Amino acid sequence: MKLQQSVLCATLFASSLVLTGTAAAQSQQNQTQQHRHSAYNYASVGVADHDGGDSIVVEGSYEFKSPYFVSGYYRNFDNDAGSSADSLSAKLGRYFWLNSGLTADVGVRVGRVDFGPVDSNFWGVEANLRQRVDQFEFYGGLGWVDYTDAGSDNQYQFGVNYYIDSNLSVGVGYQDSEYRDGVRFRGSYHF
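One structure accompanies this document, and this report is about it. Starting from 1, residues in each chain are numbered consecutively following that chain's sequence as written. Two thresholds apply to this predicted model, a pLDDT of at least 70 for residue-level local features and 80 or more for giving and counting side-chain atom pairs, whereas whole-chain, interface and lining totals are computed over all residues. The basis for every side-chain value is the complete set of heavy atoms in the structure, and neither hydrogens nor water enter the calculation.

## Brief notes about the sheet that holds strand 3 (residues 68–79)
Working step 1: Should DSSP find at least two bridges between two strands, the strands are regarded as paired. Numbering of helices and strands runs from the N terminus, with a helix taken as a DSSP run of H or I at least four residues long and a strand as a DSSP run of E at least two residues long. With respect to topology, ten strands assemble into a closed barrel ordered 1-2-3-4-5-6-7-8-9-10, the strand pairing being antiparallel. Averaged over all pairs of adjacent strands, the angle between strand axes in this sheet comes to 20°, irrespective of strand direction.
Working step 2: Inspection of the sheet shows strand 5 (residues 102–114) paired to strand 6 (residues 119–133) by 13 bridges, in the antiparallel sense. Directly across from Gly111, in strand 6, lies its bridge partner Phe122. Orientation is described by lines fitted to C-alpha atoms, with helices fitted over the stretch in contact, and by angles between N-to-C directions that extend from 0 to 180 degrees.

Here it is in structure tokens:
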């Protein structure tokens, strides 16, 4: 029941992002805008099915000075035992154009995670590759995270995003996170 409420809240949040983004795009239609890479300018809501629980993830990214960007996420994890935990993270990164539609990014991440009875700060590094082919964006990445109170962890992710249009995408991926690995579904608004 708690997951259903979380999914409903996430759906309402995503709908409000789409409506807000559509209004903002219409008001900026006559203005000249700096070209930004859509993979680094977005707000999204997702649901992940981890080993031992589920999570709702709200994340976003903003390219503040090409090719530098900041990103972050908030994750609420409900485990199968009935308890809940939270994770918050921010990342500073840079991307590189490698070829037509192919980009790489590297970044440094910091944050805080609740492992149930233990809270821990963390920091880490990560690198990702993204290949855009028509309306599809394939991605994969590796990272390393050091938890101040819980050791260190190697993390990975891979998946695909489908761009419905230049502002909206949906995606599915497999990701290893602070709450173990699992499948993630998400919807994103790109600006």
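From this point on, the discussion continues.
## Section: the pairing of strand 1 (residues 42–50)
Along a regular strand, successive side chains alternate from one face of the sheet to the other.
Working step 1: In terms of strand pairing, strand 1 meets strand 2 (residues 53–65) through nine bridges, oriented antiparallel. Within strand 2, the position partnered with Ser44 by the bridge is Glu59.
Working step 2: Taken together, strand 1 and the strand that follows it, strand 2, pair antiparallel across an intervening segment of two residues, in which Gly52 is found at a positive phi of about 95°.
Working step 3: Where strand 1 meets strand 10 (residues 180–190), nine bridges bridge the pair, whose relative direction is antiparallel. By the bridge assignment, His50 is partnered in strand 10 with Gly182.

## What to know about the environment of Val106
Working step 1: Assignment of secondary structure puts Val106 in strand 5.
Working step 2: The contacts of Val106, once residues within four sequence positions are left out, are Leu92, Gly93, Arg94, Phe96, Glu126 and Ala127. By definition, residues are in contact when any of their heavy atoms lie within 4.5 Å.

## Here's the deal with the pattern of salt bridges
Working step 1: The rule for a salt bridge is simple: a side-chain nitrogen of Lys or Arg has to be within 4 Å of a carboxyl oxygen of Asp or Glu. All told, the structure shown has nine salt bridges when counted by the stated rule.
Working step 2: In this structure, Glu178 and Arg75 form a salt bridge, with 3.1 Å as the shortest nitrogen-oxygen distance. Of this pair, Glu178 sits in the loop between strand 9 (168–177) and strand 10 while Arg75 sits in strand 3, placing them 103 residues apart in sequence. The pair formed by Glu178 and Arg75 is uniform in burial state, with each residue classed as buried.
Working step 3: One salt bridge connects Arg130 with Glu137, and the closest N-O pair in it is separated by 3.7 Å. An identical accessibility class is assigned to Arg130 and Glu137; each is buried. Remark: exposure states derive from per-residue accessible area (1.4 Å probe, protein chains only) relative to the maximum for the residue type, with buried under 20%, exposed over 50%, and partly exposed in between.

## Observations regarding the environment of Phe136
Working step 1: Locating Phe136 in the fold gives a position in strand 7 (residues 136–147).
Working step 2: According to the relative accessible area criterion, Phe136 is partly exposed, its value standing at 39%.
Working step 3: The spacing of Phe136 and Ile164 is 28 residues in sequence and 9.3 Å in space, taken between C-alpha atoms.
Working step 4: Setting aside its immediate chain neighbours within four residues, Phe136 contacts Gln131, Val160, Asn161 and Tyr162.

## Quick look at the side chain of Ser55
Working step 1: Along the chain, Ser55 turns up in strand 2.
Working step 2: Within polar-contact distance, the side chain of Ser55 engages the side chain of His50 at 2.7 Å.
Working step 3: Residues within four places of Ser55 in sequence aside, it is in contact with Gly46, Val47, Ala48, His50, Arg75, Asn76 and Phe77. N or O atoms within 3.5 Å of each other form a polar contact, as long as, within protein, one can give a hydrogen and the other can take it, and as long as residues adjacent in sequence are counted only when both atoms are side-chain atoms.

## Overview of unusual backbone geometry
Working step 1: The residue after Ser66, namely Pro67, is reached through a cis peptide bond having omega 5°.
Working step 2: With respect to the secondary-structure elements, Pro67 resides in the loop between strand 2 and strand 3.
Working step 3: Phi is positive for Asp134, close to 55°, though the residue is something other than glycine.
Working step 4: Note on placement: Asp134 falls in the loop between strand 6 and strand 7.
Working step 5: Residue class for Asp134 comes out exposed when judged on its relative accessible area of 69%.

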